[in-house]
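Take a look at the letters that make up each chain.
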Amino acid sequence: ASCTAHGNCCDDYSEWCGSSALELRLLTAHADARCLDGSPAGYYFRSANSSRFLVYFEGGGWCYDQNCAHPTANGTIADCTERSRGQLGSSSKWERLRWYNSGALSPFQRNNPTFFDFSLIYVPYCDGTSFSGRRNTTVSGLYFRGADILEALIFELKHTLHLPQASQV
């Protein structure tokens, strides 16, 4: 179960709410940190221990031509354009809050004995280039700015969460 599947699950599943929520922080102060569609990139944060941080990068894969036998640039751009309309290419589809209450992202010791008390930084994937693109101009209206997203993220984490002073990251 998850809160997004149940609407306001706090009424039914109090364990899933409260301090377990991650809050979206958009990188709006960094003009080049853009998702495929041009919306601002960002990350989700849940505070726990100020000296221990778990940074999790969501997977998403590269944009690619679905016709692997005879790929073309147009096929790759078509895939990127399709991605730009969903969560893997646009922050406009992201919820303000997210919950990850199982596995290594869980804040509950019984589910996650290793990292339950770490502050969690969850970085959604939205650039189509595995955080490596740095194109100064758009291509068919798409932004390939993954490296800029990564740089903005590191800047924010250093200056707002003081990661350099952390004992574990």
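Residues numbered from 1 in each chain as written. Predicted model: local features only at pLDDT ≥ 70, side-chain atom pairs only at ≥ 80, totals over all residues. Heavy atoms only, no water.

Student: Tell me about the side chain of T129, residues and numbers included.
Tutor: Its location among the elements puts T129 in the loop between β5 (119-123) and α2 (146-160). Every residue in contact with T129, bar those within four places of it in the chain, is listed here: W62, F144 and G146. (Helix = DSSP H or I, 4+ residues; strand = E, 2+ residues; numbered from the N terminus. Contact = heavy atoms within 4.5 Å.)

Student: Would you mind going over the environment of I149 in detail, with residue names and values included?
Tutor: Looking at where I149 falls in the secondary structure, it is placed in helix α2. Measuring from C-alpha to C-alpha, the distance between I149 and G133 comes to 9.1 Å, with 16 residues separating the pair along the chain.

Student: I'd like to hear about unusual backbone geometry, residue by residue, with values.
Tutor: Despite not being glycine, S130 has its phi angle at roughly 55 degrees, a positive value. Among the secondary structure elements, S130 is positioned in the loop between β5 and α2. Here S140, not a glycine, exhibits a phi torsion of approximately 55 degrees, which is positive. In this fold, S140 is placed in the loop between β5 and α2.

Student: Can you tell me about the sheet that holds strand β2 (residues 42-46), naming the residues and giving the values?
Tutor: Whenever strands of a sheet pair, they do so through backbone hydrogen bonds, lying parallel or antiparallel. One open sheet holds the five strands; their spatial order is β3-β5-β2-β1-β4, and the pairing between them is mixed. One side of each edge strand has no neighbouring strand; the edge strands of this open sheet are β3 (53-57) and β4 (97-99). If you compare each strand with its neighbour and ignore which way they point, the axes differ by 25 degrees on average. Looking at chain direction, strand β1 (residues 21-26) and β2 are connected through four bridges and run antiparallel. Paired with E23 across the strands is F45, a residue of β2. (Pairing = 2+ DSSP bridges. Axes fitted to C-alpha atoms, helices over the stretch in contact; angles between N-to-C directions.)

Student: Describe the state of the cysteines, naming the residues involved and giving the relevant values.
Tutor: Taken as a whole and assessed by the stated rule, the structure comprises two disulfides. Paired through a disulfide, C35 and C126 show a sulfur-sulfur distance of 2.2 Å. When the S-S torsion is -75 degrees, as for the bridge of C35 with C126, the disulfide is left-handed. Within this pair, whereas C35 is found in the loop between β1 and β2, its partner C126 is found in the loop between β5 and α2, the two being separated by 91 residues in sequence. The residues C35 and C126 share a single accessibility class, namely buried. (Disulfide = S-S within 2.5 Å. Buried < 20%, exposed > 50% of the residue type's maximum accessible area, 1.4 Å probe, protein only.)

Student: With reference to specific residues and values, describe the confidence of the model for the chain.
Tutor: When the pLDDT values of the chain are averaged, the result is 89; 89% of them are 70 or greater. The spread of mean pLDDT over the elements of the chain runs between β4, the lowest at 92, and β2, the highest at 97. (pLDDT = per-residue confidence, 0-100.)

Student: Lay out α2 in plain terms, naming residues and giving numbers.
Tutor: With 15 residues, α2 should cover 21 Å at 1.5 Å per step; its first-to-last C-alpha distance of 21 Å lies within 8% of that length. Looking only at α2, the buried set comprises G146, A147, D148, I149, A152, L153, E156 and L157. For α2, the secondary structure elements touched by its buried residues are β2, β3 and β5. H162 lies just past α2 and shows a positive phi near 60 degrees. (Expected span 1.5 Å × (residues − 1).)

Student: Could you give an account of the environment of L105, with specific residues and numbers?
Tutor: Considering the arrangement of structural elements, one finds L105 in the loop between β4 and β5. The spatial distance from the C-alpha of L105 to the C-alpha of V55 is 9.7 Å, given a sequence separation of 50 residues.

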